[in-house]
Structures are given as structure tokens and as C-alpha cells.
Amino acid sequence: MSKTSATPIPVLQDRRILLGVTGSVAAYKAAELASRLTQAGAQVDVILTRAAARFMAPLTFQSLTGRRAYTDEDLWGAEAHVLHIGLAEGADLLVIAPATANTLAKLAHGLAQDLLSITALAARCPLLVAPAMDGGMYENPATQANLQTLRERGVISVGPVEGRMASGLAGLGRMAEPTELLGHIRLTLARSGPLAGRRVVVTAGGTQEPLDPVRVLANRSSGKQGYALAQAALDRGAAVTLISGPTALRPPVGAQVVQVKTAAEMARAVLEVCRKADVLLMAAAVADFRPAQAAPQKLKRRQGIPAFHLEPTEDVLALVTEARQQGGFPRVLVGFAAESQDLLNNARAKLEEKGLDLIVANDISAPESGFASDSNRVTIIDAQGGVEELPLMPKTQVAERVLDRVTAVLTGTAYEGA
Ligand code: CTP
């Protein structure tokens, strides 16, 4: 049997995360969160309140994190006088998920009655809470006032969401899902990243050009590479606008999403947001041609096979290059080239023609690479003629490498290679 590999996430790598778990049935979701953070490379120290330990065993968390999980028993043990300080010190983030109404009240009023609340009082790192409570408790003015106090102090509150609660009542009170929490954790840890204060625009997915009200001319782009680039830019602290064609993907937490369908809509959106952007990553597969005239009504089979006259669409990158010559933005322009032959020469020509700083070229005919796949084999070419050929790797890692290059161009530092 082989060991399955973890999925490292650089922004979480070796970061110390304190995970406080309080007494809600949603505590079972904290186990998944602990597991995912650990798999991503974080060091997760779990503190369970007495009520939480009735829902979930400390051993569950210990097994998932490979580290000791703490309870109030430890507060009175041999390490007691330093434990809460030790846990709080050096932590990059304190996450309390689920956070009950009682815990929120304690946090808001500075009560220090158990290991978690004492640690929270001692901690100087950011605090993220994921409220979870049953019918009516969230809306209660007391809870709202406590949350307001916490937010004013800079506490990040994620959720709760609508849905069925343990009592069977439906309403606002369910804890946000671990995926959502993970996105907010990444966002919080990325605040001081190398792209903090920078604006990055990413385009992703394919465009769709209408033939009639129900049919479109589309392409095979899944949007995976573009969405991974958006996440990698967020993980470096950038403010990210993701301009996306139709995809089945969930946008990364924190990205401002602009949904478009056609090349014309994409061109409009990109030109608008690029006026103030530091970087444009043009990963979208924009249609090159569209029907000159879409049929106003659904085409009928009995009308026979229709003939379409095609016209060129906007070349979005060319328009951005033109605008950049006048306004100076975006500072860094990155194109993508999907080639099925003569990769390097075709990509180099595109880099020059479109006035790019970098081009990321991929051979779409290679196995396990390109459209819809989770992995990609790309070559990055820069304006100085440098060629970096990367091996087959997950699209998330390709995104990291592209962002390393972009960060180097933007900050004027030499790229050392990964
Ligand atoms: N692109 C664009 N607008 C278009 C078509 C493409 O901005 N109408 C961008 C893509 O997002 C990509 C780069 O141009 O970053 C290269 O796209 P690609 O389709 O590989 O190249 P084309 O310039 O369209 O050339 P060809 O299709 O002939 O290879």
C-alpha cells in the first residue's frame, strides 16, 4: 500500500493555527477543517471546551493533526501556568469553529474561564470565528451585539448560513462549511503577503458566442487554471478580480467575481478593471470567431442546416496592450498560449505581437495536460527571451510558479527559480 500524498498549500505551510472547538453539533465539521489544514501543511493545535469534548473526542483531533489536542483537564495539569500563553504565543491565527453563542459572549466580554477563553484573551494573532447556534439564538440582540463588538475589534466572523439546524428548525445558524472557512483562513493569513496592496485581474474559462437563443459556439476550457491563478494571487495578499466565462467551478473566497459569457463582454469587463490593475493574467480561452448574426429565434431542424457567417471577436489582449501604452496599466501583462504544434515559436510570436511580459504556453496535445485536466505541463517565456520549461504538475502548482514570476517582475526582484 502506498502513502497518499498530502496537498500542500504554500500560504498554510508551517503556519501555526490554533483551532478552538466549542459545544455545538457542528463540532464534527471542525474535524474536517483540522484534517484539511493539516494536509495543507499547517501545524494545528486544537483546544476543545468541555461541551465540545462531549460531541467529539480529543483523540479524533489528535489523530487528524498528529499533535496533542488540549482540553480543560490540561488547564490544571503540570504545564498549566504556561500552557495558554505557550499556545497563544507564536500562533499565526486563532480559529474558533464552531463558535457557540456562549463563547461569542465570553470573547466579547473578555471572560477567561477555560483553556480556550484564556488562550483567546492572551493571543495577539488574528481571530476568526464561525458562529453556530440553533433557532433564534443568532438573531438575538445579545448575540448580535456581541458579534458587533468583536467585529469592531477586528475579529473576522464567517457565517452562519441558512439551513436545517439540529432542532429541526430552519433558519440562520448553521456553521459555514469547512471549504468556506478554509478560504477565509487563507485570506487572513495572506494579508501580509508579497502582493498585499496590489490589484490582480485574472480571466478564466471559455467564452460562449450565441448561434441562436439556446445554442452557443464554445470551447473546452474548464477554467481550472484561471481559478487556480486567482487563488494563488489571493494567497499572496492581492486584491483579485476574477473575470470568468461560464464554468462549473466555485470561485475562490475573497475574489471579486465578474461573470461574462461572450468575448465582447469579456473585453468590456477586462478593459474596465485593468485601468487600475497591477497585473492581468489572461488565462481565458476567448473565442476568436463568432457568428456575425445570431438567429433571433431557435433554429428548427425542419428549416434545414443553417449556414453561419463568422466574424472575428475582439482580441482582448491586443486591446489591453493598446490601452497600456496610453495609461501605463496594467504594469504586468501575462498571456497564455494553447498550442497544438510548434509550441515555443508560436508562443514567442504571441508574446512579441501582444507586447506581453510573460507568456505561459502549453501543448494541448500532450496527455494529462491542458483543458479540463487537473494537471498541466507549461513553458514560461519572458520578454527577455528566458525560457522555463516546467514538468507536468497540478494546475495549482503551475499557478504558484506563474505567480512567483509575476511577483518578481512586479517587485523588480530577480527570479531565482523554484
Ligand atoms: N486572447 C484574447 N482575445 C482573443 C483570443 C485570445 O485576449 N480573442 C488571449 C488569450 O486569453 C491568451 C492569448 O490571447 O492569453 C493567446 O490565446 P490563443 O488562443 O492561444 O491565441 P490567439 O492569439 O487567439 O492565436 P491562435 O488562436 O491563432 O493560436
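Predicted, not measured: the structure shown is a model, and the values here were computed from it.

Peer 1: What am I meant to see in the environment of D288 here?
Peer 2: Along the chain, the position of D288 falls in the loop between β14 (279–282) and β15 (289–291). A relative accessible area of 53% means that D288 is categorised as exposed. Separated by 72 residues in the primary sequence, D288 and V360 have C-alpha atoms spaced 19 Å apart. Contact partners of D288, with chain neighbours within four places excluded, come to E311, P312 and T313.

Peer 1: I'm lost on the packing of helix α6 (residues 101–109) against helix α8 (residues 141–152) in this one. Help?
Peer 2: Each pair of packed helices can be summarised by the angle the axes make with each other and by the distance between the axes. For the pair α6 and α8, the least separation of the axes is 9 Å and the interaxial angle reads 45 degrees. In terms of their interaxial angle, α6 and α8 are classed as oblique. The crossing of α6 and α8 is left-handed. Here α6 contributes A101, L104, A105, L107, A108 and H109 to the contact with α8, which in turn contributes T143, N146, L147, T149 and L150. Class assignment for the residues of the contact of α6 with α8 results in 7 nonpolar, 4 polar and no charged.

Peer 1: Mind showing me how you'd approach empty space enclosed by the protein here?
Peer 2: To find leftover empty space, one rolls a probe the size of a water molecule over the atoms. According to the stated counting rule, one finds 1 cavity of 30 Å³ or more in the structure shown. By volume, the largest cavity is sized at about 30 Å³. Elements with a minimum of two residues in the lining of the largest cavity: α6 and α7 (115–122). Sort the elements by how many residues they give to the lining of the largest cavity and α6 lands first, with 3 residues. Residues of the lining of the largest cavity, tallied by class, amount to 2 nonpolar, 3 polar and 2 charged.

Peer 1: When you look at the domain arrangement of the protein in this model, what are you seeing that I'm missing?
Peer 2: Think of interface size as the accessible area that goes away when the parts come together; that is how it is often given. Assigned domains of the protein: these are domain 1 (10–189) and domain 2 (199–411). Here the C-alpha centroids of domain 1 and domain 2 sit 39 Å apart. Counting from both sides, the interface comprises 8 residues of domain 1 and, opposite them, 7 residues of domain 2. Contact between domain 1 and domain 2 buries roughly 680 Å² in total, counting both sides, with carbon and sulfur atoms accounting for 60%.

Peer 1: Can you walk me through the nonpolar core in this structure?
Peer 2: It is characteristic of soluble globular proteins that their nonpolar side chains tend to be buried jointly. Counting residues in each nonpolar core, the largest one holds 37 residues, and the members touching the most others are L12, F61 and I185. Going through the elements one at a time, β1 (16–21), α1 (27–39), β2 (43–48), β4 (93–99), β5 (127–131) and α9 (178–189) are the ones with two or more residues in this core. At 6 residues, the largest contribution of residues to this core is made by α1. Among all residues touching L12, those that are not within four sequence positions of it are I17, L37, A40, G41, A42, L182, I185, R186 and L189. Counting 32 residues, the second-largest nonpolar core is a separate cluster that includes A233, A238, V334 and V360.

The rules behind the values
- Residues numbered from 1 in each chain as written.
- Predicted model: local features only at pLDDT ≥ 70, side-chain atom pairs only at ≥ 80, totals over all residues.
- Heavy atoms only, no water.
- Helix = DSSP H or I, 4+ residues; strand = E, 2+ residues; numbered from the N terminus.
- Buried < 20%, exposed > 50% of the residue type's maximum accessible area, 1.4 Å probe, protein only.
- Contact = heavy atoms within 4.5 Å.
- Axes fitted to C-alpha atoms, helices over the stretch in contact; angles between N-to-C directions.
- Parallel < 35°, antiparallel > 145°, perpendicular 65-115°, else oblique.
- Left-handed = near helix turned anticlockwise from the far one by under 90°.
- Nonpolar A, V, L, I, M, F, W, Y, C, P; charged D, E, K, R; others polar.
- 1 Å grid on protein atoms, 1.4 Å probe; cavity = no way out; pocket = protein on both sides within 12 Å on 5 of 7 lines; lining within 4 Å.
- Points joined across faces, edges and corners; volume = space filled by probe spheres on them.
- Domains from an automatic or database assignment.
- Buried area = accessible area lost by both parts, 1.4 Å probe.
- Core = buried A, V, L, I, M, F, W, Y, C linked by side-chain atoms within 4.5 Å.

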